[in-house]
Amino acid sequence: MSSTAAPEPKNEQEVIGIYRQMNSELQSMVQSFTKFEMDRNEHRLVEETLEPMDPDRRAFRLVGGVLVERTIREVLPTVTENRKRLDDLIEQVKTQMEAKQKDVSEWKAKYNIKTQEEVDAENKKR
């Protein structure tokens, strides 16, 4: 295991419990990744909408739950910066997901864990 070396399990239940926990963590990362991608796409859409407009035109921005009036000239750089931060965050989460997926796969192979779908597929081949 690369990032989170789990303690050696004492029995089969612990092996499966650790596997389920690792899968749960991976699923949580996938959900975060999806949310960040959606946020990035929204920022990109706002950028594409605001760029061709007059920089002195009024724009409204939600800041901490309060709608604030600004100009496009003031809002656009902030939206762009936030999108760039989301790009970086998405790359970080993607790297973490890949590492976690590798850990899960290694754990699964080490203890010969098979999902119900894999067992069913093997039985159909016979």
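Residues numbered from 1 in each chain as written. Predicted model: local features only at pLDDT ≥ 70, side-chain atom pairs only at ≥ 80, totals over all residues. Heavy atoms only, no water.

Trainee: What is the right way to look at unusual backbone geometry in this model?
Mentor: The bulk of non-glycine residues show a negative phi, and the bulk of peptide bonds are trans. Of note, N112 is a non-glycine position whose phi angle comes to about 50°, a positive value. Summarising the element assignment, N112 is placed in the loop between α2 (72-110) and α3 (116-125). A relative accessible area of 55% means that N112 is categorised as exposed. (Helix = DSSP H or I, 4+ residues; strand = E, 2+ residues; numbered from the N terminus. Buried < 20%, exposed > 50% of the residue type's maximum accessible area, 1.4 Å probe, protein only.)

Trainee: What is the right way to look at the nonpolar core in this model?
Mentor: Side chains of a nonpolar character, in soluble globular proteins, are inclined to be buried together. Within the largest apolar cluster, seven residues are counted, these being V15, I18, Y19, M22, V104, W107 and I113. Elements supplying a minimum of two residues to this core: α1 (12-50) and α2. Tallying contributions element by element places α1 first for this core, with four residues. Residue contacts for V15: discarding those within four places in its chain leaves P9, W107, Y111 and I113. By size, the runner-up hydrophobic cluster in this structure holds six residues, among which are L50, A59, I72 and V75. (Core = buried A, V, L, I, M, F, W, Y, C linked by side-chain atoms within 4.5 Å. Contact = heavy atoms within 4.5 Å.)

Trainee: Please explain the confidence of the model for the protein chain as it appears in this structure.
Mentor: Detailed reading of the predicted coordinates is not advisable wherever pLDDT is low. Confidence in the prediction of the protein chain, expressed as mean pLDDT, is 93, and 95% of residues score 70 or more. When the elements of the protein chain are averaged for pLDDT, α3 gives the smallest value, 87, and α2 the largest, 97. (pLDDT = per-residue confidence, 0-100.)

Trainee: Whenever I open this one, the pairing of strand β1 (residues 58-63) confuses me. Can you help?
Mentor: Of the pairings in the sheet, the one linking β1 to strand β2 (residues 66-71) comprises six bridges and is antiparallel in character. When the bridges of β2 are listed, V63 appears paired with V66. (Pairing = 2+ DSSP bridges.)

Trainee: Looking at this structure, I do not really get the side chain of R83. What am I missing?
Mentor: Structurally, the position occupied by R83 is in helix α2. Contacts of R83, omitting those with residues within four sequence positions, involve R40, H43, R44 and E47.

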